[in-house]
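# Survey of secondary and tertiary structure
Okay, here's what each chain looks like letter by letter:
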Amino acid sequence: MSNDISRIKYSEGILREENPRVLMQSINKRFGEVQALDNASLSLEKGEVHALLGENGAGKTTLMNILSGLYVADSGEVAIDGRKVDIHRPKDAADHGIGMVHQHFELISNFTALENIILAAEGGRLVIDMDSKHKELEELMPRFGLHVDLDANVRDLSVGVQQKVEIIKALYRGVSILILDEPTTMLTPQEADSLFSVISSFTKQGLTVILITHKIKEVLKVSNRITVMRHGKCVRTVRTSEASEKLLVEIMMGEKSSYKGFSISEKPKTNKIKSETMLLVEGLTIGEPKQPSLVENVSLKVQNGEIVGLVGVCGNGQMEVAEAIYGVRKPNMGKIAICGKEITGGSVIESLRAGAFLIPEDRIHQGILPNLSLSETLILGPHNFLFKHSLMLNFKRIYELGRQAIEDYQIKAPNERADTCLLSGGNIQKLIIARAFLFSSITDLNLLIAFNPTNGLDVMSAQFVHDRLLEIGSSGAGVLLISEDLDESMLLCNRIYVFFKGRVVGELAHADFDPYVMGAMMTGGEPND
Amino acid sequence: MSIIDFLRASLLQGAVSYSAPLLTAAMGELLLERCGMLDVSLEGKMALGASIGFLVYYFTGQVLLGLAASMIIGAIIGIAFGYIAVYLKGNQIITGMGFLILSTGLASLIYRLTIGIRNVAPEVKTLDNIKLPLLGKIPYLGQVFFTQPALAYFAYLLVPIMIFVLYKTPLGLHIRACGESPRALDTLGVNVFKIRLWVSAVSGGLIALGGAYLPMVLTATYEDGMIAGRGWLVLQLVIFGRYLPTAVLLGSLFFGYLESLKFSLILLVPQLPPQLFLMLPYLCAMIVLVFSQKTYRPESLLKPYYREKKN
Amino acid sequence: MISINKIKLSIKNWINTKFLQKNRLISGLNGFGIYLAAVIVALIINSSFIAWAGGNIISSYETMIQVSLGSAAGLGQTLNKCTPLLLAGIAVAVGNRGRVSNIGSDGQIYMGAIFATGTGLLLVPLNMPIYVLSPLVLLASIIGGAFWCGIPGVLKARFGTSELFTTIMLLFMANFITDYFASGPWRAPEVPDSISRPIATSGFLPKFFGGAHVGIIIAIVVAIAIYFLIEKSVLGYKIRTMGDNPDAAKLAGINIPLYQFGLLALSGAIAGLAGGIEIAGLDHRLMTGLSPSYGLMAVLVASLGKNKPIGVIISAFLFAILMVGSDSLQRSINLPSSAVMVFQAVVYLSILLARTIREQ
């Protein structure tokens, strides 16, 4: 392929004479059966903020992983400043000034911030001179408007600060092409704004920044140009000044979505109105020797048919409250009751018997049995009620249930005996939802706890999950939704409790939902306008 | 029986001497575990080190050759294990068990095939105690700490070397990073696989050296089963030492002391069956282990690193 | 009512899951090649040791097969050696299914043997007819093994202590306790070593052809029972989930510490039975060295057999052949007894390597 890139057309009417900073041409990448990247091409200019927009699974991260050397493309070429380069390993990318801050940080939590930043860039000496490195960084950080406590252990730092450490790490290596993968996932709205202003200052210094995201609003706020990806292809590149939300959604979704409603053969049992209050939590206090105030005097309520959200920055007590309700954690003080039946300090099986069911946060590590058949994964949990009076399993029934679930939820799997690990993320979540419905059909489902249920799912699967949650709510059960996605919580919930440092600092009804108000509460500040 | 009996200089001198093989092997395993791998075949490596070291020393008369031979064989087994664990991503516990039986069997087999059948077990001249010039003259402490065979001094020197390497050099930072999060290190362009393989080799050499200590310093002969669980003990030592060289040193001293003590106790308390005292180190190890479960562990211990991870 | 259609459907399903998932058919054929290579490598390495000992390779292998399988007496010996390997292998395998590693099962074998010997010696004055009280002796060994592995079980459940270490420490301790009893209170006066007096004949196990005792039948029955327990029962389902994903199992209401304890106790019970059968069926006396590291070999046997009873049976039989065969070589070409460990480890590592490469 010739280096004469002036012959290449990219983006209507934007033909430049200088070479683009980065040119990726016809990149292909396949993982087993999945074609993750299909002839993808991308060009980036110097000093711009370029957004890579697309839903989960479109190929954005894969494409950037190839640019940063973590993956190797099956075919295609990359050129930097007009010259073709071979990037086979992260080191090659680093040599060309490319650095990536991943969605899940590549930080070592047991090291200090300083150790993380200088890792693999210590200089060639035999001994590391920590003091001089310290000084170097104290001079570097203000240049980019950043500041972190270099001697703090990363595990003690908040997510927003950890992200800054990652960015400083890249800057310390003289990165000139910075890739940020879904940077605002775990940030409050205020922290996200702070990040964007930092990004603007980067580009003023000549850095090229690539922003991988699925959030349209963000893209419109901070980028110069936007490339939309879909099914592994770079579909279109537009200038942000010429783009709108409607246009971007159209490009992202392509043909009208083929999502229709699903009909389920076994509807959840309509909850006989035993009590109005599905979940009652009073004065819940949880503390550990090293962390005395994980949860402080929390009280909350979920009524019949409500979807209630627990919202807050990760680590402010929402998870511990859910763990206490589900029986995974024993509270120090307080009372928890499901449908009037007290289960404080009980075990998981007691919560299950009281009618609580969990959709876990990490569906793979907490939800499935990878090497057992998907039917056996399906019954995990309901098994306590399916085989109550027999010693032996009834495999006929198990596989029957598996077949039914595959059909009802359109789960993509070879058959009901296939190993669970073969399923894709979206299908796994469908299986887990099927499990919740199975549970509700053989025993009372009074409270469904859903923990980041659409994490990493594509739009169709996420919509499916949302519909099912609404369905469960409308059948009379209560739903407790713990999500880091504020938009999702605002979409689904009737009420939201906002958490900060283990306390409930606010309770809002649907009509009063405001992301900035909640963002302020989540970080302990006053809502500013 | 009074407190003085427990603090006799010769007893403590023996403690320091008995602790040296534990310490050497423990430094090797500490390095390995800090890098994210765990080798259960310690017992076998030490046996093999003892066997090969003894044989080479016996046939050549050169102590250094024997020690070198044991380190080389340990490094070879270490590389084999490392290759399977790092490049082939094999399960380290299962593979380690295979190497355990292989090394234990080889140690005995090679010895017997080489020595053949004899009436009297072959012996070597054990290393003499070297009394250090000035320090050896200090009363009590001089005898305990500074009148030891050369290998013991080497073992103790390993501790500051290990501390220096792990905490003050870039290599040490990389090794520790490998144990915490190899992916983080890989994305920064460092070859994680090579580091783990080299550490495997060095660690194997040190562990085998620890085994060689036993025939060369303590018993003068080789016997099947002479390692007597020390390898397993070292595995636990690294855990209750919280992966810190200094703590591991103290732990080794403690168990060296127990070993030194048990012979005295058997003599002092003839009413009780000797087996009771022989069990003492193992019982103590178990008790200490129970109370050190919630300690720090390198985050990526035992996890093989896959660069292209999809689900 | 079994209809032809149902049979066809289930065969189709089986083919689907075994071969047509992820191109398993292709990798099935490739796999055969790799395993063949592994076996050849193992043969070459093992042969080199035979050659070092001065034996003729071909005739040595002939001897090994001839002695272990070629005669009734030889087959009997092989079955006798297979029995403790099989039981210990099942013990380790059942633990592995639930993700507990009973590496020190030798300790439970010895403790089972101690309990069996104690019971057997107690029965001597009763003067009952032969074989009548053997169930009692075996029961004692089961209790002994369950007790000795129950201790690590409690430590794991209560404190989270790794059973990998505790079972090994208890193994060394069991060795000493065996030595104490065999050379002390139970010592056979006519023998200078630490060997105990024989147990009552009412505690013996009957033999059938070729000197094999019925222990092998007991072992196979246990293997079959464990199969049904693990694969087909509700309890087995819980154990399997605990082994496959303990976090998910916990969230499904399974009381992990309790099950870990129970599983370790079960594993110990089975290993203890192995020890009891050695006493009742073979040696009739307690002695140090009763178990030539059957427990360690069992770890390999379980892993080779992929922790499933049928695989364990085959691996145990194979290892037993190696043991009996190597014994005969010890007599004919003075091959040291430790060669058997090397042979087993080489076979094990080659097959493990083949498996690991296949999973790439």
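### Let's talk about the overall build of chain A
Counting its secondary structure elements, chain A contains 18 helices and 20 strands. In terms of overall dimensions, chain A is globule-like: its C-alpha atoms have a radius of gyration of 25 Å, near the 24 Å expected for 529 residues. Along the first, second and third principal axes, the C-alpha atoms of chain A reach 75 × 50 × 50 Å. When each of the 529 residues of chain A is scored for burial, the buried share is 46%. The contacts in chain A between residues at least 6 apart in sequence include a share of 69% that link residues at least 24 apart.

### Some details on the packing of helix H5 (residues 92-115) of chain B against helix H12 (residues 294-304) of chain C
Packed helices, taken two at a time, are described by the angle between their axes plus the distance between the axes. Running from N to C, H5(B) and H12(C) point in directions that differ by 135°, and their axes come no closer than 10 Å. Taken as axis vectors, H5(B) and H12(C) run oblique relative to one another. Like other packed secondary-structure pairs, H5(B) and H12(C) cross with a definite hand, here left-handed. Only C:Leu296, C:Val299, C:Leu300 and C:Ser303 of H12(C) make contact with H5(B), whose side of the interface consists of B:Ile94, B:Met97, B:Gly98 and B:Ile101. In terms of residue class, the contact of H5(B) with H12(C) is built from six nonpolar, two polar and no charged.

### Digging into the domain arrangement of chain A
It is common to report an interface's size as the accessible area lost on association of the parts. All names here are of chain A. Assigned domains within chain A: domain 1 (5-97 + 176-250) and domain 2 (277-522). Computed from C-alpha coordinates alone, the two centres of domain 1 and domain 2 are separated by 35 Å. Each partner contributes residues to the interface: domain 1 has eight residues there, and domain 2 has eleven residues. Residue classes in the side of domain 1 that touches domain 2 are distributed as two nonpolar, five polar and one charged.

### Regarding the interface of chain A and chain B
Counting residues at the interface gives 19 residues for chain A and 20 residues for chain B. Per-element tally for the side of chain A that touches chain B: the top contributor is helix H2 (residues 90-95) of chain A, with three residues. For the side of chain A that touches chain B, the residue count by class is 13 nonpolar, one polar and five charged.

### Things to note about unusual backbone geometry
Phi is positive for A:Ala120, close to 65°, though the residue is something other than glycine. Looking at the element boundaries, A:Ala120 is found in the loop between helix H3 (113-118) and helix H4 (130-143). Look at A:Ala120 and you get buried, because 20 C-beta atoms sit within 10 Å. The backbone of C:His284 sits at a positive phi, close to 60°, despite the residue not being glycine. Residue position: C:His284 is located in the loop between helix H11 (256-283) and H12. Using a count of 20 C-beta atoms within 10 Å as the deciding quantity, one classes C:His284 as buried.

### Topic: the interface of chain B and chain C
Of the residues lining the interface, 32 residues belong to chain B; the matching set on chain C comes to 37 residues. Within the residue set of the side of chain B that touches chain C, elements represented by two or more residues are H5, helix H11 (230-240), helix H13 (274-278) and helix H14 (280-290) of chain B. Tallying contributions element by element places H5(B) first for the side of chain B that touches chain C, with 14 residues. Tallied by class, the residues present in the side of chain B that touches chain C amount to 21 nonpolar, ten polar and one charged.

### Looking at the nonpolar core
A:Ile449, A:Leu480, C:Leu85, C:Leu87 and C:Ile90 are the most contacted members of the largest nonpolar core, which has 382 residues in total. Both domains that meet at this core, namely domain 1 (5-97 + 176-250) and domain 2 (277-522) of chain A, each give it at least three residues. When residues no more than four places from it in sequence are discounted, the contact partners of A:Leu480 are A:Leu279, A:Val302, A:Val308, A:Leu310, A:Ala322, A:Leu447 and A:Ile449.

### Brief notes about the packing of helix H3 (residues 42-60) of chain B against H11(B)
Residue and element names in this part refer to chain B. Remark: H3 packs on H11, axes separated minimally by 7 Å, with the N-to-C direction vectors making an angle of 130°. Viewed along their axes, H3 and H11 adopt a mutual orientation that is oblique. The handedness of the crossing between H3 and H11 comes out as right-handed. Counting all contacts with H3, which are made through Leu42, Glu43 and Met46, the residues of H11 involved are Arg230, Gly231, Trp232, Val234 and Leu235.

### A closer look at the sheet that holds strand S15 (residues 341-342) of chain A
Residue and element names in this part refer to chain A. Taken in spatial order, the four strands line up as S12-S11-S14-S15 in an open sheet, and their pairing is antiparallel. Whereas interior strands pair on both sides, the edge strands pair on one side only; in this sheet they are strand S12 (295-303) and S15. Sheet topology places strand S11 (residues 277-286) next to strand S14 (residues 333-338); five bridges connect them, and they run antiparallel. Note that in S14 the partner of Thr285 across the bridge is Met333.

### Considering the sheet that holds strand S4 (residues 75-80) of chain A
All names here are of chain A. Taken together, the four strands give an open sheet; going across it, the order is S2-S1-S4-S5, and neighbouring strands pair in antiparallel fashion. Sheet topology places strand S2 (34-44) and strand S5 (83-85) at the edges, where each strand pairs with a single neighbour. Put simply, the sheet's adjacent strands are angled 30° from each other on average, direction ignored. In the sheet, S4 pairs with S5 via three bridges, with the strands oriented antiparallel. Opposite Val78, over in S5, you have Val85 as the bridge partner. Lying over the sheet, helix H1 (residues 60-67) contacts strand S1 (22-31), S2 and S4, oriented at roughly 115° with respect to S1.

### Considering helix H9 (residues 318-326) of chain A
Since the α-helix turns once every 3.6 residues, residues separated by three or four places project in the same direction. All names here are of chain A. Along H9, nine of the nine residues are buried, which leaves the element largely enclosed by surrounding structure. Listing the buried residues of H9 in full gives Gln318, Met319, Glu320, Val321, Ala322, Glu323, Ala324, Ile325 and Tyr326. Residue Gly327 follows H9 closely and has a positive phi angle near 95°.

What counts, and where the lines are drawn
Residues numbered from 1 in each chain as written. Chains lettered and ligands numbered in written order. Predicted model: local features only at pLDDT ≥ 70, side-chain atom pairs only at ≥ 80, totals over all residues. Helix = DSSP H or I, 4+ residues; strand = E, 2+ residues; numbered from the N terminus. Rg over C-alpha atoms; globule rule 2.2 N^0.38 Å. Buried ≥ 20, exposed ≤ 12 C-beta atoms within 10 Å, placed from the backbone. Contact = placed C-beta atoms within 7 Å. Axes fitted to C-alpha atoms, helices over the stretch in contact; angles between N-to-C directions. Parallel < 35°, antiparallel > 145°, perpendicular 65-115°, else oblique. Left-handed = near helix turned anticlockwise from the far one by under 90°. Nonpolar A, V, L, I, M, F, W, Y, C, P; charged D, E, K, R; others polar. Domains from an automatic or database assignment. Core = buried A, V, L, I, M, F, W, Y, C linked by C-beta atoms within 7 Å. Pairing = 2+ DSSP bridges.

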